[in-house]
Every structure is written in C-alpha cells, then in structure tokens.
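Architecture and fold: a report
The residues making up each chain are set out below.
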Number of protein chains: 2
Amino acid sequence: MRDVAIIGVGMTKFGKSDKSVVELFAEAANQAMEDAGIVGKDVEALFVGNCFGGFYEGFMNMAPHLAWEIGAKTAPAFRLEGACASATYAFILAWNWVASGMVDIAIAGGTERSMLPGTPYATRTFAMGAEKFESDCGMTFPGVFATCAMLYSKTYDIPLEKLREMMAYVSIKNHKHGALNPKAQFYKKYGELKVEDVINSRMIAYPLTLLDCCPFSDGASAVVLCSADIARRFTDEPIYVLGVGAASGGGLHRQEDYIKPIARVTSARKAFKMAGLSPDDIQYFEGHDCFTIAEIILLEACGFFEWGKAAKATMEGETEIGGKIPTNMSGGLIGKGHPVGCTGTAQVYACVEQMLGKAVKGNQVTPPPEIAMTDNLGGDFASLGHIILGRSKRSKYRR
Amino acid sequence: MRDVAIIGVGMTKFGKSDKSVVELFAEAANQAMEDAGIVGKDVEALFVGNCFGGFYEGFMNMAPHLAWEIGAKTAPAFRLEGACASATYAFILAWNWVASGMVDIAIAGGTERSMLPGTPYATRTFAMGAEKFESDCGMTFPGVFATCAMLYSKTYDIPLEKLREMMAYVSIKNHKHGALNPKAQFYKKYGELKVEDVINSRMIAYPLTLLDCCPFSDGASAVVLCSADIARRFTDEPIYVLGVGAASGGGLHRQEDYIKPIARVTSARKAFKMAGLSPDDIQYFEGHDCFTIAEIILLEACGFFEWGKAAKATMEGETEIGGKIPTNMSGGLIGKGHPVGCTGTAQVYACVEQMLGKAVKGNQVTPPPEIAMTDNLGGDFASLGHIILGRSKRSKYRR
C-alpha cells in the first residue's frame, strides 16, 4: 500500500453548542479543507464517527448529508460507530481507502452533540456504548473506571489515598493545558488546580471525583488525508501516517485483566509493528483520558511505562513537557472535552498541531515532535484504535 | 489491489425473533464460517451493519462484542450505519480491507431487530434514516415512495391506475418467490396474489397499499471474504468480487429528480467501471425493493431498462426467471423481509445461492447465473451501494 499524508486539519471549539451535528461537522471540515487548500468537490470519500445522532437528534444516517453539506456531493460517505473510538475508526478506514488507491483524497472526522439531554440521561445513554449485560445491570463508565482504580491500588500495592493523589496529577496536568487551549471546553478554567481540589471535588464513583472525570461535550473535528505522492501539491509540511492499529475486547466478563486490557495491548502493538517503531520512538502522545486512572492505565498498556509505574511517573512529571512522553498537552478529554464520536480525529488534530509547532505557548512541546501517537478507546476496553504520525515518510524511520 | 473471493455465506430466517442482535449475528456468522470451513480465530477483521441497536436495545457499540461472540476475539471490528445500506457498506469496506492486503480473511455482515417496538414507533424511528429536515416535517419512507409513484405516473404519462397495476406485478413476483424461500419472512404466505389483492389491500400512502410495502423484520446475514489467492483452500466454488460502488445523495431538497436518483446512477456506474462490465452482462439481480415503485426505479437507474420502461417490462415478465434480468428471486425486501442493517449482505447471500445453484426450486435461475449484482439504498436515495459478483475472477470477464 502507498504512503498516506495528512494535509489539513480542522476542529470546532468544544463545549455546549446549539449547532446541529451537520453544522458542527461542516465547520470542522471547512477548516480542514481550507487548511489543505482544497474545496468540497476535491473530496472523493468521507468517513465520519458519530454515536448519538439517532438517539439525541432523531438523525441517524448523516454521512451522505455531511458529504453534500461540504460540497463533496456524490462522494461515498460512511458513518462509523465504535463508541468513543468512532472517529479513530473513521480515520483508519479512510487511511485504508487512500492507501489502497481507491481514492486520492478523503476526509475523516467526527461530529457529536453529547450535552443535549443533561447528565442523568446522558449517563444512561453513554452506557449504551458498553456491552449490553454491563449497562443492563447498572454498570456505568465511572463505575468501571472506579473499579480499575481499586484494582490498580490492590494489584500494585499502592494505598488508595496515595493513588488518589497520583491520579490528581493527571487531572491537574490536563486541566492546566486545557485552560490554555482556546478550543478546549475548559479554556481559562481550572488552570491552577491543587491535589486537594481534585480529591475534595464532588464524589462521582469512589474513588473518582468530578475532577477525575472528563465532561460531556459537543464538537466536531476533521482531517484531510491524501496520497503521499501528491501531498506536496497542497502543503509544504505534510504529516505522514506511519502506522495504525485496531483491536477488539469483549465484554468485561470476557476480559482477564481490566488494568492490562488485551485489546489495547494488541492494537498498540499492531500500530508499532506497521510503523516499524517502538514506544521509545514516540515524542508526543494523545491518549483517551476519560478518567484520570484511564490515562495511567493506557500509558502502561501502550508500552510507555512498565506495569504499575505510570501513576508514579505522572506525579514525577514524566508525562509533562520535558518528561519522557508529553501526554495530552491539548488538555485531553479531561481538559479539552469529549464529544464522543469526534474525539479520535480531535486527537489527530492535536498531534498535527504539535508536530507543526502550532500549539499555544505553554502547551507546545519544543522542538516540535517528529513522531506522535494517538490512543483511543470505545466501550469498556472493547474498541481500541491507535494511530502513529511522522513528519517524514515511514521509510525514513523504519528500522 | 488483489482479487477478493466469497468463501462462505450465512443467514438467519427473517421475521420476528426473540434473539438479541448478538445471537442473531452469531447464528448467521457461524453458518458462514461453517460454509467456509473456518473457525472464529481465522477471522482477522469484522465489518457489521446495524441501525437500531442503541435505540431499540440500548446497545450501541456492538461490533467488538460480536467479534468475541464468534471467537474472532481481538480482531478489529467496525460497525457501519448507513440506514438500509449499512451491510452493503460493511461489505465494501471489508472488501477494501482484504483487497488491500490488510488481512486475508474478514467477515462482513449485518444484524438487526426492527420489529421490537411495533409499527407506529418503528415508522418514527425508521424516519431517522432520512435527512433530518425530512423526518422533522413528517416525511416518512412510504410518503417519499408514494411521491415517486405519482412522479413516475406524471413524468412517463402512465395513468396512475395503470401504474398501480404495473406495480402490483412487482408485489406478486416478490411475494411469490418469498413464499418459496424457507428463510423468508413470508414463507408459505402470499404465494398466489392477484393484481386486485395488491390494489385492494390496506392503503398506506396513496397510491401504495400494504402489499406494495416491505415489512419490518428481524434477522442477520454474514459473508466470509478472503484473498482470492487462497480461496481454493477453503472451497471449490469461490465467488469473486468483480466490482463495488458507493455514492451519496443529499437530502431530497438537494436532489433534482427522485425517479432518476443521482447517487444510484453514480454508484452503479462505479461498480460497472471497476468490473469492466455493463448492465447487459448481469444475469441475476437483487435490488432494494422497499416498495414496489422502488424496484421499478432502481432497475432503470442501474441501467437494465430505459427511463420509464421498467414498470411495463416488469408486467411483461422481464424481471422474472427467463426474462431479461431476473430480479429478487429470494423474495426481495417485499417477500423475504427487511432487517434494515442486515439487508445488504442478505442480498449477497441470495446472489451466491443463485450462482451456486442452491436456491429452491421455483426461485433458482437455470443455468445458475455467471455474474450477479446487488443494489442497496439507505435513506431517501442518500446512501447507495452496489456489488457485482462473478463465478470467475475479473480478468476473465474484463473487456
């Protein structure tokens, strides 16, 4: 398969919006097309993630309408739903479509309104992203990740109160960077949290408090992908796709170890294998921090830290700028927001911004990272997806 | 890209079921895997169509759980939602995944429970598959196709009462063949309808009566795809994918002519172009006959009859066995049933059955067709997909 490049990215501000999923997507896609120097009729295929269109807006099969809305007209348009991993899966399938030569230019993105119904109803509908047995017996995502925190504490013999302090450092970091990011839901908020602010905020699912959790959000993001052969027609700084990975976990009752999720380990390894790289090669990372404990678990499963070591490493600044692996300098889900079906390509947006040195001061890694990676999770470790990006083609890095 | 073959197919009986979407899918997929002589761990990727899982069962991100249910475990699993075209899109993306060399063996399929809520609620939820402006102003699918019948009558100067008689021949044909198909929802029912039975059945949306409409259905279907290079390890009679096409139509307000739908014409031409074939080469056809008038329109848009000629041709038996293009000998949506997100791969199932000479007496085309085609439609001419299959590789037929 041929190399594929990203030549444009776009993203709406995250937070509460009165726009429809179509309007949100068009805003992000128009930004991405303008960034790439193309117009709608240049787009030959569209892949879009969305979860709640049917449930919240009575609007299910939106992909062909998004195509026409952005001027791509009869271009094939596919809607992917893989809970929070939806847009990562849209990206991976768009990559395959371009890499295999089906088309030269495609858009991958996601659009979501998660805030429409208010928290109690949203909690119920979010649970539809989990396995049916889980949601039917009242298991919610905060419950699952609270369980993970308990398990992490017990498995690695870290007293729970100590772990809560370690988790608070994830919250402090991601809220701090979200407060600096003008597109983040919590822009200019929560910029200077302290450990006790996190631990003493409202209890959601013990030991997770409100500030351990990401918010519900509205928003959209989009990425223009094109054959690497023609990328320099559109931009002097194409970003290349070095590797992708995807893998499935079954329901929690089928998983052996929630804090070493088999699907995440499998998916990340696939992406590294395709790229010919290892975790040590990654200079910037966006991971699915739906809860503070989630970021700790994913850093280990992707191979950045040994099992049981990421909590301590976070507290010691290893996931901050200047540390071993700067993670979620966009604010992540916790600080930037989490419009479910859009998050995957918003992570790509954040990586591209970093790699081109365009992140805001305080969030930008210097020098701009050469190689970056995204990690995304849908359901209870059920739908995993990873993307590795580079400023040069694969052939330069491959060992 | 390399050639891709179908090495196994499976399908549940259509109709009312008490099984979950997971159980339905597993039944179809297990049949397909047994047909192919493979087991779950051989499946390297899964692509599945589903529309109403979240709305009807509170179960949204089902793909990874389907993977584990059939023993494919960590295999990447993607859920596609393109209204009624969902499973065709799952098939097309699975084809691309195999053709491009990402994996050697993948399953494409669909699973749906449409009958859960009863007709009034189902009518409202089905409308979510249309453009939001349409459903919000009360437009339903029967309404759209009733409009098409009116437009067809006026455009081609066929008196409406005459057109109703012509449309009745679609109903008679598809119910007749559905009545012979043991997996059809209307097996052993409606086998000997007369024109007046159709015209005098309950009025749904003038001029469409109950027997002009397909039913709501539960069911699942699955297809095992593999690289053509290794297909003969699994079967002596692989069926090859010769061409695929997909295209988007916008909302009805963006479409110039509902009875010459731009997306269908575009998608069918793409499939013919990839296959290097023309409509005259197709010996068997499964089309999206959600309503009788729908079958007439699609036969013209795919190029089997000139504009305005398919209604008369149907009455004259040209879409029956022995006619120009035998269409929907499985019963189609009208006689076999329509489990929305599953229909696309059920059409493939019907084509493969025909091509291998395995359809029941009365439905089987003789000699078995060498080349067959499916047409699928999601929304109001919004999501179109076409698949062309052959008993030999593309290189044999390509001109």
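Details of the structure are given in the entry above.
Keep in mind it's a predicted model, so treat the numbers as computed, not measured. All residue numbers refer to position in the chain's written sequence, counted from 1. Numbering of ligands from 1 and lettering of chains from A proceed in the order in which they are written. Residues qualify for local features only when their pLDDT is at least 70, as the model is predicted, and side-chain atom pairs are given and counted only at 80 or more; totals for whole chains, interfaces and linings, by contrast, use all residues.

1. Brief notes about the environment of I388(B)
Going by this rule: To qualify as a helix, a DSSP run of H or I must reach at least 4 residues; to qualify as a strand, a run of E must reach at least 2; elements of each kind are numbered from the N terminus.
You can see I388(B) is positioned in strand β11 (residues 383–390). Placed 113 residues apart in sequence, I388(B) and A275(B) show a C-alpha to C-alpha distance of 7.2 Å.

2. Here's the deal with the relation of the copies chain B and chain A
Between the two copies of the chain lies a rotation about an axis combined with a shift along it. Put simply, the test is: Least squares is the method for superposing the copies, and the C-alpha atoms it fits come from residues with pLDDT of at least 70 in both. Residue pairs are scored as contacts if the distance between their C-beta atoms, which are placed from the backbone, is within 7 Å.
If you rotate chain B by 180° and push it 0.0 Å along the axis, it lands on chain A with an RMSD of 0.0 Å. A rotation of that kind, with that shift, is consistent with a two-fold axis. Both copies present the same face, since 100% of the interface residues in chain B are matched by interface residues at the equivalent positions in chain A.

3. Re the environment of A106(B)
Residue and element names in this part refer to chain B. Heads up, the rule is: Put plainly, a residue is buried at 20 or more neighbouring C-beta atoms within 10 Å of its own, exposed at 12 or fewer, and partly exposed in between, counting only other residues' C-beta atoms, which are placed from the backbone.
In this structure, A106 sits in strand β4 (residues 105–113). Judged by the 29 C-beta atoms lying within 10 Å of it, A106 falls in the buried class. Those residues in contact with A106 that lie beyond four places of it in its chain are V43, E44, A45, L46, F47, A94, W97, V98 and L225.

4. Quick word on the nonpolar core
Among soluble globular proteins, nonpolar side chains are generally buried collectively. Counted only if it meets this: To define a nonpolar core, we join buried Ala, Val, Leu, Ile, Met, Phe, Trp, Tyr and Cys residues through C-beta atoms within 7 Å and take the resulting set.
By size, the foremost hydrophobic cluster in this structure holds 297 residues, and its most contacted members are L46(A) and L46(B). Not counting the four nearest positions on each side in its chain, L46(B) is found in contact with A63(B), L66(B), A67(B), A72(B), A75(B), A77(B), A106(B) and I107(B).

5. A word on the interface of chain B and chain A
Facing 51 residues of chain B, the contacting portion of chain A comprises 51 residues. Every element with two or more residues in the side of chain B that touches chain A is listed here: α2 (53–57), α3 (63–69), β3 (77–80), α4 (86–99), α6 (132–136), β8 (239–248) and α10 (262–275) of chain B.

6. What about helix α1 (residues 21–36) of chain B?
Residues and elements named next belong to chain B. Heads up, the condition is: Here a helix's expected span is defined as the number of its residues, less one, multiplied by 1.5 Å.
For α1, which comprises 16 residues, the first-to-last C-alpha distance of 22 Å matches the rise-based estimate of 22 Å (1.5 Å per residue) to within 8%. Listing the buried residues of α1 in full gives V21, V22, L24, F25, A26, E27, A28, A29, A32, M33 and A36. Turning to α1, the residues buried within the fold contact β1 (4–11), β2 (45–49), α2, α3, β4 and β7 (218–227). Just downstream of α1, G37 is the residue with a positive phi angle, here 70°.

These figures capture arrangement, not role.
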